[in-house]
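So you can see what is in the structure, the chains are spelled out below.
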Amino acid sequence: MNAQIRVLNRIASVAMAATLTMMAATASAQDLVKFDGVTAQGGPTAQMFPIFMAQELGYYQEEGLDVTLNYSKGSSDAARQLAAGNVEWGIFSSAATMQTVQRGFPLKAIMQVYYPDTFDIVVPADSSIQTMADMKGKTIGLSDLAGGEVPMTRASIVEAGLQEGVDVKLVVAGEGDPTTIRSFETDRIQAYSGAKRDLLLIPAQGIKTRSITPSAIAAFPGDALAVRAETFESDPELLVKFVRATLKGRQWGMDNPDKAFDLLKTKYAEASLGDNPVAPEFWALVQTYYTAPASVTVHGTFLPEAWTTYMDYLQLGEGEQKALAGPVDLSTVLTDEIVLKASAN
């Protein structure tokens, strides 16, 4: 009888311990602050590796955060979601940031995520077209007439002294897929503008390419991390925690590229990398996005002059070609305060 009682007591003790453990885990999860965001990406991709690595390694949890990454239809859509209050932070193009601010939605860009722009304009390697100026009377293919590549494409046309609709035509021509290849082969397009990740697919399908993006345009800044101004004013410490964990995720991925690539392929971005024939090339490209110029001493801080140059180009053109109606006061938009505080701890 005593033996039975001892067994029952042990069972009860184990059950109680398990219950307490579950209660502690539940309480811990409840203590985490939800901090949801959105990216311009349409789905899981290696471009978001700092966030994935911070999730994988528990960096957000260490900061008391429960971070969820949502996806969108592009930079304009992501900026709208942030402005509407659907999420607390967003990663999208510098152009979309400036456009959103000009439309009356105060945003704060608190970290440069990609340093170079992630779009490019290419022609077949054997094309007679050498520069954008040679595109007079020609057609450029795009993934979408409202895509993120449109502002830089229009800026490139203006930089070359050409006029959209008169000298150069823009048409939808796939996303570096067979539609793009057919458009080149049938001479429907003579150049293609798109995300650099999509451009990698074109040579893989038999058409070698080279860039004709003007150097001034190629220096445009890439995507930034933005929040609503009210969030920046009300809870800057929350932003420091998020940025600190994200920067740690970025650093771990850059220091351990093979391990990060394996995690991306098998867990976080399997759909876009698992059977992608150019997955290694894409991962190598992504790492260049997260490599700051030598002039940057603290990763994640801004290069205001690059934003100013982009802003100036966005004001050129007429009608819908003019992406900005006038200048934006970048001194009220760009801030290094959060990154500097996060990097100091």
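Heads up: the structure comes first, above all this text.
Just so it is clear, the structure is predicted and the values come from calculations on it, not from any experiment.

Re the sheet that holds strand β1 (residues 33–39)
Then, in step 1: As summarised here, the arrangement of the 5 strands in space is β2-β1-β3-β10-β4, forming an open sheet in which the pairing is mixed. For this open sheet the edge positions go to β2 (65–70) and β4 (107–112), each flanked by a neighbour on one side alone. Averaged over all neighbouring strand pairs, the angle between strand axes comes to 25°, with direction disregarded.
Then, in step 2: Relative to β2, β1 runs parallel, the two sharing 6 bridges. Among the inter-strand pairings, K34 is bridged to a residue of β2, identified as D66.

Considering the pairing of strand β7 (residues 168–172)
Every other side chain in a regular strand lies on the same face of the sheet, so the side chains alternate between the two faces.
Then, in step 1: Relative to β7, strand β6 (residues 138–142) runs parallel, the two sharing 5 bridges. Bridging across to β7, L142 finds its partner in V172.
Then, in step 2: Note on the crossover from β6 through helix α6 (residues 149–159) to β7: the handedness is right-handed.

A look at helix α15 (residues 279–289)
Then, in step 1: Residues of α15 that are buried include every one of A279, F282, W283, L285, V286, Q287 and Y289, and no others.
Then, in step 2: Those residues of α15 that are buried are in contact with α2 (49–56), α8 (196–199), α12 (236–255), α13 (257–268) and α14 (270–273).

Thoughts on the packing of aromatic side chains
Then, in step 1: Per the counting criterion, the structure on display carries 12 aromatic pairs.
Then, in step 2: Ring geometry for F261 versus W283: centroids 6.3 Å apart, planes at 5°, classification stacked. Residue F261 is located in helix α13, and its partner W283 is located in helix α15; the two are separated by 22 residues in the primary sequence. Residue F261 shares its accessibility class with W283, and that shared class is buried.
Then, in step 3: Among the aromatic side chains, those forming a connected cluster through ring pairs are F49, Y114, F261, W283, Y289 and Y290.
Then, in step 4: Looking at K108, its charged tip hangs above the ring of F232, at a distance of 5.1 Å from the centre.

Conventions used here
Residues numbered from 1 in each chain as written. Predicted model: local features only at pLDDT ≥ 70, side-chain atom pairs only at ≥ 80, totals over all residues. Heavy atoms only, no water. Pairing = 2+ DSSP bridges. Helix = DSSP H or I, 4+ residues; strand = E, 2+ residues; numbered from the N terminus. Axes fitted to C-alpha atoms, helices over the stretch in contact; angles between N-to-C directions. Right-handed = clockwise from strand over helix to strand, strands pointing away. Buried < 20%, exposed > 50% of the residue type's maximum accessible area, 1.4 Å probe, protein only. Contact = heavy atoms within 4.5 Å. Phe/Tyr/Trp six-rings, centres within 6.5 Å; stacked < 30°, edge-to-face > 60°. Lys NZ or Arg CZ within 6 Å of the ring centre and 35° of its normal.

As far as function goes, none of this settles anything; it's purely spatial.
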